[in-house]
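Okay, here's what each chain looks like letter by letter:
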Amino acid sequence: MHKIYKILFLVIVAVTTKTNATSQVVHDSVPVSVNVALENIFNSKSPKEYVISDIKVTGTKSFDPNLIISISGIAVGDKVMIPGGDNFSKAINNLWKQNLVSDVQVYFTNLVGNKLSVEINITDRPTLSNFKFRGISKGESDDLTPKLGLEKGRTNRVTENMKKSAIVIIKKFFVEKGFRNVDVKVVETKDPNATNAVNIVFSINKNAKVRINQIYFSGNESVKNQKLQKKMKGTKEMSRFTLFPTSDENVFDSGKNHKITFNEYLRSNGYLIPSKTKELLDPYFRFKLSSAKFNEKKYNEDKQSILDYYNSLGFRDAVIVNDTTYNDHGNLDVAIKVNEGHRYYFGKMTWKGNTKYSDSILSLILGIKKGDIYNAETLNKRLGKQPSPEGGDISSLYMDDGYLFFTINPIETAVYNDTIDHEIRIVEGPQATIGKVNITGNAKTKDYVIRRELRTVPGEKFSRQDIIWTQRELSKLGYFNPEKINPGIVPNTDDGTVDITWGLEEKSSDQLELSAGFGGGIGLTGTLGVTFNNFSIYNIFNKKSWDPLPSGDGQKLSLRGQSNGRQFRSYNFSFTEPWLGGKKRNSLTIGYYDTKYANAYNRLGVYDRSYADSSFIRTTGVSLSLGKQLKWPDDYFSLIYQLSYQRYYLKNYNIFPGLNSGISTNISLKITLARNSAGPNPIFPTSGSNFILSAQLTPPYSLFNSANYYKTQTLDDQYKLVEFHKEKMNVEWFIPIGKGRGPDKNKQFVLRAAAKYGFLSNYTNKTIASPFERFQLGDAGLSNNYGLLGYDIISHRGYPVYDNSDPTINPDITTAKTFFTIFNKYTLEMRYPFTTGASSTIYGLAFFEAANGWYSFKDYNPFKLRRSVGLGMRFFLPMFGLLGFDYGVGLDRINSSTTGLKGAAKFTFMLGQEPE
């Protein structure tokens, strides 16, 4: 029977000798058999060398013994000194470092001469079978799981460090959500279905969310508290609604010059005051309308925003002396102490090193005068140290003229009293010439399609503005992810050239529209539409290029068919060549459509297919457009000529009083002047503007006929040849608001301001205004049967279609029959992007809209408008185009609606493109 004698080895190592009994000693009242030779190892006063003859591994159920021996660092044949050596303590440390074991013991089991037998006994750490959370929602669990990085299975060993790290991550997760008093307990239980494995439950008690009660400032003598609080975008107080002054002030007069306290005032007026009055009323009535959660990261950003604001006011030495947070009844108070320092002003501005432009020109562009409040950010921005797409700074002036190697540095030359003088040192360098221009990432689009959009041409002077322009034009194509268009600029200082490599990432630009159904009385219904935005007509007969259609030449082909049984059907075709001839941006567009809408309802209002051929309107049209990019006044202008032919065939279809049967022909010329600088993303523009002015003219037939001729003709006969002139104007601006915050600095609010105007009239007074090509206002702006007559369908969110100019008349109680010849529309939209990636663009908006229509200039009043407000969302998916919905409230419908606000609200949906 083997007995064990345990002995302490080198303080760290617990070593036990295990041998055949040759004598007995008593240790801790337990009789133990001891190998005298092994015992003498530790009784020796001088170190002696031994050789490890064999190593045995015991205790492990998971690891290969050879792996344990290898990790330990000791091996058969190693020479060890006992006492005094550290081989075994290092072996134990090596095994501990791996986090694979929870206990290690080294035994000396036999000694023959100087040959020593060693046993390593280990206890494996348990593996993690499963883990879960208790006390939180499923959504929070799903968010937390990947953050912990825990893997279930044999490879993940449970350690104390792992559990502590998990607790830290969990607490940090909830602190960011405003829960600063989170308690986390780790409950570990053995897994009965596995060997040496455990299950872990993280029991979480979030406790109450900690909100910011009040923010206090001190030391801010020049700036009010409210101003500083506004700069703290991510750190807000709990929302308050102040009904009365603070409870500690004697401000109320009881009527006889007798001042009473706030609480006395409440009691005297019948208010019931609870015992905890101070918590409720001091200093305000408080309503938790916002979370006001405390986020450490945002708080630090906000402190920097405060200093930046002070710097913008000339207090360049402003510092936050200290700040502290402390609990107030479970919430948080924040106290910030500021030392403003002195306010400084700009002094003299002198220039050094400039030969291209004179001091006076540079000073004029800089726009900073002596005595202006000092602002380092403004100075750097106007010098171009902080690049801006809009330009207008000193660096842009030089870099637009080829000075790529240009540098500029403002140096403070004197600081006296409250004034700072600067010397602005310029190194102009040589003008850079564009060398190689390469393109990468275009697997589908051909190089020449891209190169014709480039302003960066080899041999030309480098221009920063040309880089910006090219980025915008490549983005407008719609073939590439606008966020990934990257001009890789590589300057070559040796020869004064610069190589440019345009890095692109292609995205899907084609669109598919598909739907189908079947109605009992209607029959087959459906829509099939395809738009190929990067088509190649040149390879139409090349079978190898069909994948699924020939593409890569930048042309646009659109085909669409729609059917709603015998009631409605439509066929559309269009083709656009954006670079006719391949040398200049002259576009050619050919279009054709044929649409029929039947009034397939009998006198009882029941759908009857047999009526489809007895009452209908059919419109057939062909158009040819030629567009040209202009160089004057600037490159953003374009001029478009469009020649159109429409044939309107009405049969017993009374769409306009007096006009119900016959064929009308509309031949018109439309001239459009447009300027579009909106960008850089055409789906979600963040800057620039879009201006469109158009005039559509038919031949003046009435000039060749007398007034008596028209008096003797029916309306059907009068409009066999349609006559009118029509002018429209559309202006919209995109204005970025504030700066993006967080990981994605490109996410910022954008204000869209738009104004639209339309006017339709005839050439003489011999006839009434054309019943065709009028303006229909209201609803979502989607095309309808009036669109077949050339009507402009103008959306007005929050209102149904209306034909009355008086905003006090509720359009809900009338049926629109005739439509306007004049309209005005104004729109304000505040937009915010949720994502602007290549796969989708999603943004939300809040809008205010005002519009109305009139029948003559006599009644026209641009301030007599129907108003609406609301919210909406837009989803742009490359394959399907634009999807959108709005929920609008017609403000002028509220009073006249029998159901109040609910009756004045209207939900609208749009598909394909933004309505007018």
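Please read these numbers as outputs of a predicted model, since none were measured by experiment. (Residues numbered from 1 in each chain as written. Predicted model: local features only at pLDDT ≥ 70, side-chain atom pairs only at ≥ 80, totals over all residues. Heavy atoms only, no water.)

Novice: Sorry, what's going on with the overall build of the chain here?
Specialist: In terms of regular secondary structure, the chain is built from 17 helices and 41 strands. Buried positions account for 44% of the 916 residues belonging to the chain. Contacts spanning at least 24 positions in sequence make up 60% of the contacts within the chain whose residues lie at least 6 apart. (Helix = DSSP H or I, 4+ residues; strand = E, 2+ residues; numbered from the N terminus. Buried < 20%, exposed > 50% of the residue type's maximum accessible area, 1.4 Å probe, protein only. Contact = heavy atoms within 4.5 Å.)

Novice: Could you clarify how one ought to interpret the packing of aromatic side chains in this entry?
Specialist: Given two aromatic rings, one states the distance between the centres and the angle between the planes to describe the pair. Considering all chains together, one arrives at 33 aromatic pairs under this definition. Centroid distance F820 to Y855: 5.1 Å. Interplanar angle 50 degrees. Geometry classified as tilted. Of the two residues, F820 is situated in the loop between β36 (792-794) and β37 (822-836) and Y855 in the loop between β38 (841-854) and β39 (866-877); the sequence distance between them amounts to 35 residues. The exposure class assigned to F820 is buried, which follows from its relative accessible area of 0%. The class of Y855 is partly exposed, set by a relative accessible area of 31%. Ring centres of W854 and Y860 lie 4.9 Å apart, and the angle between their planes is 80 degrees; this geometry places the pair in the edge-to-face category. When its relative accessible area of 23% is taken as the criterion, Y860 is described as partly exposed. Members of the aromatic cluster, each reached through a chain of ring pairs, are Y757, F759, W854, F857 and Y860. Just above the ring of F847 sits the side chain of R797; from NZ or CZ to the centre is 3.9 Å. (Phe/Tyr/Trp six-rings, centres within 6.5 Å; stacked < 30°, edge-to-face > 60°. Lys NZ or Arg CZ within 6 Å of the ring centre and 35° of its normal.)

Novice: Quick question: what am I supposed to make of helix α3 (residues 87-97) here?
Specialist: Because an α-helix completes one turn every 3.6 residues, residues spaced three or four positions apart along the sequence face the same direction. Along α3, the residues classified as buried are F88, S89, A91, I92 and L95. The buried residues of α3 occupy one face: seen down the axis, they fall within an arc of 160 degrees. (Arc of directions from axis to C-beta.)

Novice: Just to check I follow, could you spell out the packing of helix α2 (residues 65-72) against α3 for this structure?
Specialist: The packing of two helices is summarised by the inter-axis angle and the distance between the axes. As a packed pair, α2 and α3 sit with axes 7 Å apart at the nearest point and diverge in direction by 115 degrees. Listed contacts from α3 to I68, I71 and S72 of α2 are K90, A91, N94 and L95. Within the contact of α2 with α3, the residues separate by chemical class into four nonpolar, two polar and one charged. (Axes fitted to C-alpha atoms, helices over the stretch in contact; angles between N-to-C directions. Nonpolar A, V, L, I, M, F, W, Y, C, P; charged D, E, K, R; others polar.)

Novice: Honestly, the nonpolar core in this entry has me stumped. Any pointers?
Specialist: One finds L650, I655, F772, L777, L789 and Y791 to be the most contacted residues of the largest nonpolar core, which totals 28 residues. Of all the secondary-structure elements, those providing two or more residues to this core are β30 (637-651), β35 (775-777) and β36. The contacts of L789, once residues within four sequence positions are left out, are I617, Y648, L650, I655, F772 and E773. Within the second largest apolar cluster, 25 residues are counted, among which are I74, I92, V101 and I120. (Core = buried A, V, L, I, M, F, W, Y, C linked by side-chain atoms within 4.5 Å.)

Novice: I tried to follow the side chain of T60 on my own but got confused; where do I start?
Specialist: In this fold, T60 is placed in the loop between β5 (48-58) and α2. Within the structure, T60 has its side chain in polar contact with the backbone nitrogen of F63 (distance 3.1 Å). The residues touching T60, leaving out its near neighbours within four places in the chain, are I122 and D124. (Polar contact = N/O pair within 3.5 Å; in protein donor to acceptor, adjacent residues only side chain to side chain.)

Novice: Can you walk me through the sheet that holds strand β21 (residues 433-440) in this structure?
Specialist: Taking strand neighbours across the sheet as the criterion, the three strands line up as β21-β23-β22 in an open arrangement whose pairing is mixed. Here the strands that pair on one side only, and so sit at the sheet edges, are β21 and β22 (486-492). Adjacent strand axes in the sheet meet at a mean angle of 20 degrees when their direction is disregarded. Pairing analysis gives seven bridges linking β22 to strand β23 (residues 497-503), with the strands arranged antiparallel. Bridging from a neighbouring strand, G488 pairs with T501 of β23. Contacting β22 and β23, helix α14 (residues 464-477) runs over the sheet at an angle of about 15 degrees to β23. (Pairing = 2+ DSSP bridges.)

Novice: Hey, could you run me through the sheet that holds strand β18 (residues 345-352) in this one?
Specialist: Strand pairing within a sheet occurs via backbone hydrogen bonds; the two strands may be parallel or antiparallel. Judged by pairing direction, the sheet is mixed, and its three strands sit side by side in the order β18-β20-β19 without closing on themselves. Of all the strands in the sheet, just β18 and β19 (407-416) have a single pairing partner and so form its edges. Taken pair by pair, the neighbouring strands of this sheet meet at an average axis angle of 25 degrees, ignoring direction. Strand direction decides the pairing type here: β18 and strand β20 (residues 419-427), joined by six bridges, are parallel. Bridging across to β20, W351 finds its partner in I424. With respect to the sheet, helix α10 (residues 359-366) is in contact with β18 and β20, its orientation differing from that of β18 by roughly 140 degrees. Packing against the sheet, helix α11 (residues 376-383) makes contact with β18, β19 and β20, and its axis sits at approximately 150 degrees to β19.

Novice: I would appreciate a short explanation of a positive patch on the surface in the present structure.
Specialist: On the surface, K224, K227, K230, K231, K233 and K236 cluster together into a patch of positive charge. With respect to the helices, strands and loops of the structure, K231 is situated in helix α6 (residues 225-231). A relative accessible area of 31% places K231 in the partly exposed class. (Patch = residues over 30% accessible without salt bridge, like charges linked within 9 Å, V, L, I, M, F, W, Y side chains within 5 Å. Areas by Shrake-Rupley, 256 points an atom, 1.4 Å probe, with all protein chains shown as cover. Salt bridge = Lys/Arg side-chain N within 4 Å of Asp/Glu carboxyl O. Lys, Arg positive; Asp, Glu negative; His and termini not counted. Charge placed at Lys NZ, Arg CZ, Asp CG, Glu CD.)

Novice: Teacher, can you tell me more about the pattern of salt bridges here?
Specialist: Between side chains of opposite charge, pairing is possible as soon as their charged atoms come close. All told, the structure shown has 33 salt bridges when counted by the stated rule. Where R585 meets E453, a salt bridge forms, and the shortest distance between an N and an O atom there is 2.9 Å. Residue R585 is found in the loop between β27 (568-577) and β28 (586-598), and its partner E453 is found in the loop between α13 (447-451) and α14; the two are separated by 132 residues along the sequence. Its relative accessible area of 23% is what places R585 among the partly exposed residues. Here K726 and E773 are joined by a salt bridge, their closest N and O atoms 3.2 Å apart. Of this pair, K726 sits in strand β33 (residues 725-737) while E773 sits in the loop between β34 (749-761) and β35; the two residues are 47 residues apart in sequence, bridging distant segments of the chain.

Novice: Please explain the side chain of D553 as it appears in this structure.
Specialist: Looking at where D553 falls in the secondary structure, it is placed in the loop between β25 (523-535) and β26 (555-564). Taking the relative accessible area as the measure of exposure, D553 reaches 2% and is therefore buried. Of note is the side chain of D553, whose polar atom sits 3.2 Å from the side chain of K446. Setting aside its immediate chain neighbours within four residues, D553 contacts K446, Y448, V449, R452, N534, F535, S536, Y538 and N539.

Novice: Any chance you could explain the pairing of strand β7 (residues 101-112) here in plain terms?
Specialist: For a regular strand, side-chain orientation follows a simple rule: the groups alternate between the two sheet faces. Strand direction decides the pairing type here: β7 and strand β8 (residues 115-124), joined by ten bridges, are antiparallel. Of the residues in β8, the one forming a bridge with L111 is L116. Hairpin geometry of β7 and β8 is characterised by an intervening segment of two residues between the two adjacent antiparallel strands and by a positive phi of about 65 degrees at G113.

Novice: For this particular structure, what's the right way to read α2?
Specialist: Regarding α2, the residues found buried are I68, I69, I71 and S72. For α2, the buried positions fall inside an angular range of 165 degrees around the axis, keeping them on one side. What points out from α2, more than 90 degrees from its buried face, is the exposed set N66 and S70. Looking at the buried positions of α2, the neighbouring elements they touch are β5, α3 and β8. Just past α2, the residue G73 takes up positive phi, approximately 90 degrees.

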